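Each chain, letter by letter, is given below.
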Amino acid sequence: MKILVTGGAGFIGSNFLNLLVPRHPEHQFLNIDKLGYASNLHNLSAIEGCSNYHFARLDLTDVDGVNDCFEREAPDVVVHFAAESHVDRSIKSPTGFIQSNIVGTFNLLEAFRNASHTPSRFHHVSTDEVYGSLGPEGRFVEDSPYDPSSPYSASKAASDHLVRAWGRTYGLPFTITNCSNNYGPFQFPEKLIPLMILNATEHVALPVYGQGLNVRDWLYVDDHCEAIWTVLEKGQLGETYNVGGDSEKKNLEVIHEICDIVADLRGEDPESLRQLITSVTDRPGHDLRYAIDATKLERDCAWRPRESFHSGLEKTVRWYLDNPAWVESVRTGAYRDWLATQYATDRSTHD
Ligand code: NAD
Ligand code: TYD
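Not measured: the values here are computed from a predicted model. (Residues numbered from 1 in each chain as written. Chains lettered and ligands numbered in written order. Predicted model: local features only at pLDDT ≥ 70, side-chain atom pairs only at ≥ 80, totals over all residues. Heavy atoms only, no water.)

(A) Molecular detail of the nonpolar core. One finds I193, L206 and I258 to be the most contacted residues of the largest nonpolar core, which totals 36 residues. Going through the elements one at a time, α6 (192–201), β8 (206–209), α8 (251–266), β13 (277–280), α11 (309–322) and α12 (324–330) are the ones with two or more residues in this core. When residues no more than four places from it in sequence are discounted, the contact partners of L206 are M196, N199, A200, I255, C259, L273, L276, I277 and T278. (Core = buried A, V, L, I, M, F, W, Y, C linked by side-chain atoms within 4.5 Å. Buried < 20%, exposed > 50% of the residue type's maximum accessible area, 1.4 Å probe, protein only. Helix = DSSP H or I, 4+ residues; strand = E, 2+ residues; numbered from the N terminus. Contact = heavy atoms within 4.5 Å.)

Laid out in structure tokens, this is it:
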């Protein structure tokens, strides 16, 4: 089988390829990625010599490029990760999110629908953020109403709707997964967990939006990748599966645990790291709480997450400490400019 993976040089896509390419020599994997700021081909150095893995640089907004790629490669399956993915960037500058996440998905769906061969499945990787915010109770199920808050989540919601519409109207064979927040190796250090790990190791401020009481439901990235593979193997066409690790944490709890692990691994005082926690201006439209009910995936496809939050977080902290060259390679001038703009308004310190 030939599997076209979009966005495979980003965080989740590269973990997916690193896990699945060596395990499935019987399949061909083609990674297409525009190589945007959050991508890094070094993430894939472990598999670049594999004969069942190939990379091609392609921006999904290039409609002719996407169509040519489909005709040339004739993939059987598409696993669509490619997207602009950072909520704060979407608030500052939404245009690229509309282009990549909506127009890019549209171009890919059209190439799939109009292909001269008959591909068998379009798997769309999406997020629980499409459902908007929960109050203190309840969890998202597959038919929770869509109510996105940010330009990022609205663009992902639009892409989910396109995929389902192409299914209903044109009979396009699709599956969708909506997953909670991921963490693990290769995550670009603009997202909460890698940013806090790096700041704690460097003893600089740990910026918490508002009071740090927002809740996210965390899943180790390999568990998400295994869930996607399980859906490819066992998921019913036309179905959506929620993916989550039953690991709800307030942001402050996450940061405290990071401080404890970093301190433990480096023989430092956890209290002095916790004192770096600084309240900064809250994110506009900041969703209070996400929580996933993954019963359908567990029941229908026999998927279970392997990592607990603590074991996954410890692996993640170790990975960032053990890979300073990777960290250095992603910290370009553009990254430093982003931090300077985003966190220019630090105002108080948590006690
Ligand atoms: P990421 O930003 O690390 O990687 C995205 C990749 O897509 C990058 O390599 C980027 O270069 C590529 N890309 C973006 N626009 C493109 C375009 N127009 N053409 C080709 N390539 C393009 O993001 P991630 O965290 O790996 O997320 C991957 C997918 O998983 C996204 O669709 C995201 O919505 C979804 N998701 C992420 C999380 C999470 O916690 N990170 C949770 C649930 C779902
Ligand atoms: P993030 O990693 O950006 O993921 P998402 O917004 O997609 O859930 O943020 C996770 C949570 O952490 C979210 O509630 C916002 C918060 N956060 C901070 O408090 N400080 C930060 O510097 C960042 C990046 C996020």
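(B) Representation of the site of ligand 1 in the model. Looking at ligand 1, there are 29 residues lining it, with D33, F81, S85, Y152 and K156 nearest. At 2.9 Å from a nitrogen atom of ligand 1 is found a side-chain nitrogen or oxygen belonging to S100. Within the complex, the protein chains bury 96% of what would otherwise be the 840 Å² of accessible surface of ligand 1. At three residues, strand β5 (residues 121–127) tops the list of elements feeding residues into the shell around ligand 1. (Near = heavy atom within 4 Å. Polar contact = N/O pair within 3.5 Å; in protein donor to acceptor, adjacent residues only side chain to side chain. Areas by Shrake-Rupley, 256 points an atom, 1.4 Å probe, with all protein chains shown as cover.)

(C) Up close: the pattern of salt bridges. Scanning all chains against the criterion turns up 18 salt bridges. Here R89 makes a salt bridge to E190, at a shortest N to O gap of 2.6 Å. Linking R89 in helix α3 (residues 87–92) with E190 in the loop between β7 (182–183) and α6, this pair joins segments that are 101 residues apart in sequence. Neither R89 nor E190 differs from the other in exposure class; each is buried. Salt bridges linked by common partners bring K2, R72 and E73 together as one network. (Salt bridge = Lys/Arg side-chain N within 4 Å of Asp/Glu carboxyl O.)

(D) Fine view of the layout of surface pockets. Considered as a void within the structure, the largest pocket measures approximately 170 Å³ in volume. Among the secondary structure elements, those contributing two or more residues to the lining of the largest pocket are α3 and α13 (333–342). When residues of the lining of the largest pocket are assigned to their parent elements, the largest contribution, three residues, is made by α3. Each residue belonging to the lining of the largest pocket can be placed in one class, and the counts come to four nonpolar, four polar and four charged. (1 Å grid on protein atoms, 1.4 Å probe; cavity = no way out; pocket = protein on both sides within 12 Å on 5 of 7 lines; lining within 4 Å. Points joined across faces, edges and corners; volume = space filled by probe spheres on them. Nonpolar A, V, L, I, M, F, W, Y, C, P; charged D, E, K, R; others polar.)

(E) Broad picture of α8. With 16 residues, α8 should cover 22 Å at 1.5 Å per step; its first-to-last C-alpha distance of 23 Å lies within 8% of that length. Of all the positions in α8, only N251, L252, V254, I255, E257, I258, C259, I261, V262 and A263 are classed as buried. Positioned one or two residues after α8, G267 has a phi angle of 65 degrees, which is positive. (Expected span 1.5 Å × (residues − 1).)

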